[in-house]
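# Coordinate inspection notes
Residue strings, one per chain:
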Amino acid sequence: MPEFQTSPGMRDVLPPESARWRRFVRTFDETVSAAGYGQLVPPLLEDIGVFHRVGEATDVVSKEMYDFVDKGERHVALRPEQTASVCRAFVQHRPVTPWKVWYAGPNFRYEKPQRGRYRQFDQVGIEVLGSQDPLLDVEVIALGWRFFQQLGLRQVSLVVNSLGEPDDRAAFVVALRTYFEANLTRLTPESRLTLARNPLRVLDSKRSEDADVIAAAPRIANFHSESARRSLSAVCAGLGALEIPFTVDDRLVRGLDYYRLTTFEFVGRTLDSVQNALGGGGRYDGLVEDLGGPATPGVGFAIGLDRTLLACDDEGVFDAPEERVDVFVIDTTGGMNALLLTDQLRAQGIRTDRAYENRSMKSQMKAADRSGAAIAVIVGPDEVATGTVVVRPLRDGAEQSTVSRSELTDTLRKALS
Ligand code: AMP
């Protein structure tokens, strides 16, 4: 075993898997850029207060943060999620609303590593600040849905709920606390701890021993005010109009504290039930204010890259793209010609590789084969003497030809098209 390895819950992503990651982000970029979203690149590190505002009662913030005091005595944390950073950036820069942004990149949570759960994990997401329109909620959900379709995923379910207006939610939380406290002995010790911090999160328990008492708990739907009901029905009507299938589940509470009204989750039906949320989001109308900005509504989602790719594996879709070069240069004269030719061809936009260390012709041919290139360009002493190169197709059995160096790019372009 080597002395140094990646820390628990952290991984190296090697080619060709890394190419798949890039394509994942590119596909997301294309989907949301076409809807008017611009990319925000926030720092990995924020003042820890940014995340405390998000919800001190959540595990993500209270137990799982990578935080430390830096050399300037600032208490900072690696971001556990990016919505808080988006809102902090909004307050700092005050862009024109509606502000529609997307992001992609790693987050850090000190969780127990397992399949689909890592300590460093990547997310893509969008956020819109500055509009309360429930049809914007529909746009946001629909963009997530269309993205899964772009990947080729079919086994994704959409679950929608409303956590009500802040007063509805507060009354619901009081009712939940009263109910669970009256049934304390029927809760697992873990859920009792959760109850002390945040009664809402008890509903998230996936432990079977908690199932009965949760099933009989008060339901948020009974606490919805008229405006919460109207908002939820507008969202449902919008999704229906777009023919996006969904179910309403009034047990859906999301992990983070800041949600109001609409919440939703995309569930991967091929994944284990404990780790089957591919992504989710909702409305967080109070968050910008909590971070010191003007009252500004917000809505968005985050989708986990790692877990979504596991779902792609399960469904056999969105494979790693083949990363091949088109041309492989073989130089038996020492290597300087390969240096010049590869540089010339790359400058012309032709994907080109070569071998090193002045190996034998046979060994260079093998390397050409491994590279997946369609064409070998061969240069030996005879070609140097006549200012030519040999162009040898490697795949389709076509005849090789000798061409002058000045004709090389055109010849390759034709052969490759
Ligand atoms: P959240 O920010 O907790 O709402 O999570 C949104 C999505 O990010 C989840 O549905 C997962 O796909 C992904 N995710 C969250 N935590 C992790 C983790 N520790 N490891 C891998 N993916 C994660």
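Anything mentioned here points back to the structure above.
This text gives an overview of the structure that appears in the document.

Analysis parameters
Residues numbered from 1 in each chain as written. Predicted model: local features only at pLDDT ≥ 70, side-chain atom pairs only at ≥ 80, totals over all residues. Heavy atoms only, no water. Pairing = 2+ DSSP bridges. Helix = DSSP H or I, 4+ residues; strand = E, 2+ residues; numbered from the N terminus. Axes fitted to C-alpha atoms, helices over the stretch in contact; angles between N-to-C directions. Patch = residues over 30% accessible without salt bridge, like charges linked within 9 Å, V, L, I, M, F, W, Y side chains within 5 Å. Areas by Shrake-Rupley, 256 points an atom, 1.4 Å probe, with all protein chains shown as cover. Salt bridge = Lys/Arg side-chain N within 4 Å of Asp/Glu carboxyl O. Buried < 20%, exposed > 50% of the residue type's maximum accessible area, 1.4 Å probe, protein only. Parallel < 35°, antiparallel > 145°, perpendicular 65-115°, else oblique. Left-handed = near helix turned anticlockwise from the far one by under 90°. Contact = heavy atoms within 4.5 Å. Nonpolar A, V, L, I, M, F, W, Y, C, P; charged D, E, K, R; others polar. Phe/Tyr/Trp six-rings, centres within 6.5 Å; stacked < 30°, edge-to-face > 60°. Lys NZ or Arg CZ within 6 Å of the ring centre and 35° of its normal.

Overall, mixed pairing links the 5 strands, which are arranged β13-β12-β14-β15-β16 in an open sheet. In this open sheet, the two strands that pair with only one neighbour each are β13 (352-354) and β16 (401-404). Ignoring which end each strand starts from, the neighbouring axes of this sheet average 30 degrees apart. In terms of strand pairing, strand β12 (residues 327-331) meets strand β14 (residues 375-379) through 5 bridges, oriented parallel. Counterpart to D331 in the pairing with β14 is V379.

Together, L44, L45 and F68 make up an exposed nonpolar region whose accessible area comes to about 230 Å². Of note, L44 is situated in the loop between β1 (38-39) and β2 (45-47). The exposure class assigned to L44 is partly exposed, which follows from its relative accessible area of 36%.

Where helix α13 (residues 336-347) meets helix α16 (residues 408-416), the closest approach of the two axes is 11 Å, and the angle between their N-to-C directions is 60 degrees. The angle between α13 and α16 falls in the class oblique. Along this stretch, α13 crosses α16, giving a crossing that reads as right-handed. The residues of α16 that touch α13, namely those facing L341, Q344 and L345, are L408, T409 and L412.

Attention now moves to the packing of helix α5 (residues 134-151) against helix α10 (residues 226-241). Where α5 meets α10, the axes come as close as 8 Å, and the angle between the chain directions of the two elements is 45 degrees. One finds that α5 runs oblique with respect to α10. For the crossing formed where α5 meets α10, the hand is right-handed. Of α10, the residues touching α5 (which contributes P134, L135, D137, V138 and I141) are S231, A234, V235, G238 and L239. Classifying every residue of the contact of α5 with α10 gives 7 nonpolar, 2 polar and 1 charged.

Moving on, we get to the packing of aromatic side chains. Going through the model one piece at a time under the given rule, you end up with 14 aromatic pairs. Ring geometry for F24 against F147: centres 5.1 Å apart, planes inclined by 85 degrees, an arrangement best described as edge-to-face. Note that F24 is positioned in helix α1 (residues 17-33) and F147 in helix α5, a separation of 123 residues in sequence. Across the pair, exposure class does not vary: F24 and F147 are buried alike. Pairing F28 with F301 gives two aromatic rings, centres 6.2 Å apart and planes at 75 degrees, and the pair type is edge-to-face. Within this pair, whereas F28 is found in helix α1, its partner F301 is found in strand β11 (residues 298-304), the two being separated by 273 residues in sequence. By relative accessible area, F301 is classed as buried at 1%. Within the aromatic cluster, the residues linked to one another by ring pairs are F24, F28, W102, F147, F148, F264, F266, F301 and F318. The ring of Y118 carries R11 above its face, with NZ or CZ at 3.6 Å from the centroid. Just above the ring of Y110 sits the side chain of R119; from NZ or CZ to the centre is 3.8 Å.

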